[in-house]
Amino acid sequence: MAKRLTENITSKYLHAANQMRPRTARRRVVAYVESYDDIPFWRSLLEEFEDESRYFHVMLPSADSLAKGKKPVLMHTLRTEELGRSLIACVDSDYDFLLQGKTAVSRKINSNPYIFQTYAYAIENYRCYAGSLHRVCVQATLNDRKLMDFESFLAEYSQAVYPLFLWSVRFYRKNDTRTFPINAFNSCVRLGHVNLRHPQQALQGVRKQVHHKLQELEKRFPEEIEPVRALGRELLELGLTPDTTYLYIQGHHLVENVVLPLLIPVCTVLRREREREISELAGHDRQYRNELSGYRNSQVKVEEVLRRNTGYRRLFLYEWIREDIRRFLEQEK
């Protein structure tokens with residue numbers, strides 16, 4: 001039986017392959033990503049920079065494994081020294097952008113010109129961009145009435161969790177992932193049930209939980225109070241402000257425990273409104289049934305609309321990634 005040979009794609013291999021192509025052929029730049037779900041995000045971004053001389057091929061790093069995540073991209077399947085002109089890596093930042101080189105992984109991501117990161121915690125944070133959430137509701141319900149000011153709400157939510165988030169980042173910067181891990185932070189900042197008539201009640205619940213945890217941490221670690229404040233001043237340059245904290249917290253938590261608990265009740269109300277409108281405007285029972293059936297068949301689950309949301313292109317962090325790509329392409333010239 002012939003032994004199957006597998007070859008990791010390296011920058012040198014890709015460069016050599018490109019050299020063998022006719023001068024008129026477009027050069028292929030492979031972009032490794034963490035998971036299948038990441039492919040649409042990076043494909044949409046990178047295709048802006050395709051032209052007659054180059055194109056991007058977005059893919060997972062392993063040809064013989066289903067391994068996913070940042071670790072296979074950066075450490076196992078792909079050695080970062082192999083990155084180059086024809087091979088780049090595109091990863092979620094997680095906390096690594098905010099850590100600013102305090103860990104080995106953070107140093108690699110923040111210093112290597114061929115590794116591109118989301119700056120926000122993950123791609124999910126982009127999909128939860130507050131400025132795009134009304135559009136998500138419209139697509140899910142076909143009702144354009146603005147029931148909630150998502151931008152104001154998520155700014156208030158961010159303000160509520162901001163002081164505790166700084167403590168979380170502080171411990172991770174010290175390579176301490178046990179004292180106050182991300183899952184402990186997440187449990188303190190869950191939004192819970194949202195009453196659309198009194199949405200402030202949900203925010204008040206978050207403020208109360210954050211306050212209790214802050215008191216505990218300040219009592220246990222009084223020597224960290226001033227370093228945490230200093231960290232807040234430092235992170236302002238990285239885009240982290242009291243109003244934008246939601247962009248930097250764990251993406252999965254943001255979707256499941258903050259944004260969907262907010263979107264689902266909003267979409268439920270908007271759908272009921274549309275159905276009442278159909279009932280009031282229908283001339284007879286048959287027309288009512290047909291219209292109602294057509295409306296319900298055209299609906300899409302809000303979770304699915306959110307997963308496909310691309311309304312984040314106005315977000316400043318997205319422009320930061322685009323600038324990184326432009327810089328990379330300019331350097332190769």
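Residues numbered from 1 in each chain as written. Predicted model: local features only at pLDDT ≥ 70, side-chain atom pairs only at ≥ 80, totals over all residues. Heavy atoms only, no water.

Student: What should I look at first to understand the overall build of the chain in this one?
Tutor: Broken down by element type, the chain carries 15 helices and 4 strands. Expressed as a percentage of the 333 residues in the chain, the buried residues total 49%. In the chain, the share of contacts with a sequence separation of at least 24, taken over all contacts with a separation of at least 6, comes to 78%. A total accessible area of about 17,500 Å² is found for the chain, and carbon and sulfur atoms account for 48% of it. (Helix = DSSP H or I, 4+ residues; strand = E, 2+ residues; numbered from the N terminus. Buried < 20%, exposed > 50% of the residue type's maximum accessible area, 1.4 Å probe, protein only. Contact = heavy atoms within 4.5 Å. Areas by Shrake-Rupley, 256 points an atom, 1.4 Å probe, with all protein chains shown as cover.)

Student: Could you clarify how one ought to interpret the nonpolar core in this entry?
Tutor: One recurring pattern in soluble globular proteins is that nonpolar side chains are buried together. Core analysis: the largest hydrophobic core is formed by 90 residues, its most contacted members being Trp 42 and Tyr 157. In terms of residues, this core owes the most to one element, helix 8 (residues 150-173), which gives 14 residues. Residue contacts for Tyr 157: discarding those within four places in its chain leaves Val 189, Leu 191, Leu 203, Val 206, Tyr 246, Ile 249, His 253 and Val 258. In terms of nonpolar packing, the next biggest core, distinct from the first, is built from 8 residues, Val 30, Tyr 32, Ile 109 and Ile 115 among them. (Core = buried A, V, L, I, M, F, W, Y, C linked by side-chain atoms within 4.5 Å.)

Student: Before we go on, may I ask you to explain helix 11 (residues 225-235) in this structure?
Tutor: Three or four residues apart is the spacing at which side chains of an α-helix point the same way, because the helix has 3.6 residues per turn. Within the span of helix 11, buried status applies to Val 228, Leu 231, Gly 232 and Leu 235. Projected onto a plane normal to the axis of helix 11, the buried residues spread over an arc of 100 degrees and lie on a single side. Along helix 11, the residues that are exposed and aim more than 90 degrees away from the buried face are Arg 229 and Arg 233. Turning to helix 11, the residues buried within the fold contact helix 4 (96-99) and helix 8. (Arc of directions from axis to C-beta.)

Student: What's the story with the environment of Tyr 248 in this structure? I'm lost.
Tutor: Relative to the helices and strands, Tyr 248 resides in the loop between helix 11 and helix 12 (251-281). Look at Tyr 248 and you get buried, because its relative accessible area is 2%. Each C-alpha atom of the pair Tyr 248 and Tyr 119 lies 8.0 Å from the other, and the pair is 129 residues apart in sequence. Discounting chain neighbours no more than four positions away, the residues touching Tyr 248 are Tyr 95, Phe 97, Leu 98, Tyr 119, Tyr 121, Asn 125, Phe 165, Leu 238, Gly 239, Leu 240, Phe 316 and Leu 317. At a separation of 2.7 Å, a polar atom in the side chain of Tyr 248 contacts the main-chain carbonyl oxygen of Leu 238. (Polar contact = N/O pair within 3.5 Å; in protein donor to acceptor, adjacent residues only side chain to side chain.)

Student: Help me understand the sheet that holds strand 1 (residues 27-32) in this model?
Tutor: Either a parallel or an antiparallel arrangement is found when strands of a sheet pair, and the pairing is made through backbone hydrogen bonds. Taking strand neighbours across the sheet as the criterion, the 4 strands line up as 2-1-3-4 in an open arrangement whose pairing is parallel. Looking along the sheet, the strands with just one partner apiece sit at the ends: strand 2 (54-59) and strand 4 (115-117). Each adjacent strand pair in this sheet contributes to an overall mean axis angle of 25 degrees, direction not counted. Taken together, the 3 bridges between strand 1 and strand 3 (residues 87-91) define a ladder with parallel strand orientation. Of the residues in strand 3, the one forming a bridge with Tyr 32 is Ala 89. Contacts between helix 2 (residues 39-46) and the sheet are confined to strand 1, strand 2, strand 3 and strand 4, with strand 2 contributing the most and set at about 170 degrees to the helix. (Pairing = 2+ DSSP bridges. Axes fitted to C-alpha atoms, helices over the stretch in contact; angles between N-to-C directions.)

Student: Would you take a moment to explain the pairing of strand 3 for this structure?
Tutor: Remember that side chains alternate between the two faces of the sheet whenever the strand is regular. In terms of burial, strand 3 is a largely internal element, 5 of the 5 residues being buried. Residues of strand 3 alternate between two faces, with Leu 87, Ala 89 and Val 91 on one and Ile 88 and Cys 90 on the opposite face, all of them buried. Two strands pair when backbone bridges link them, and strand 3 and strand 4 are joined in this way by 3 bridges, in the parallel orientation. Bridging across to strand 4, Cys 90 finds its partner in Phe 116.

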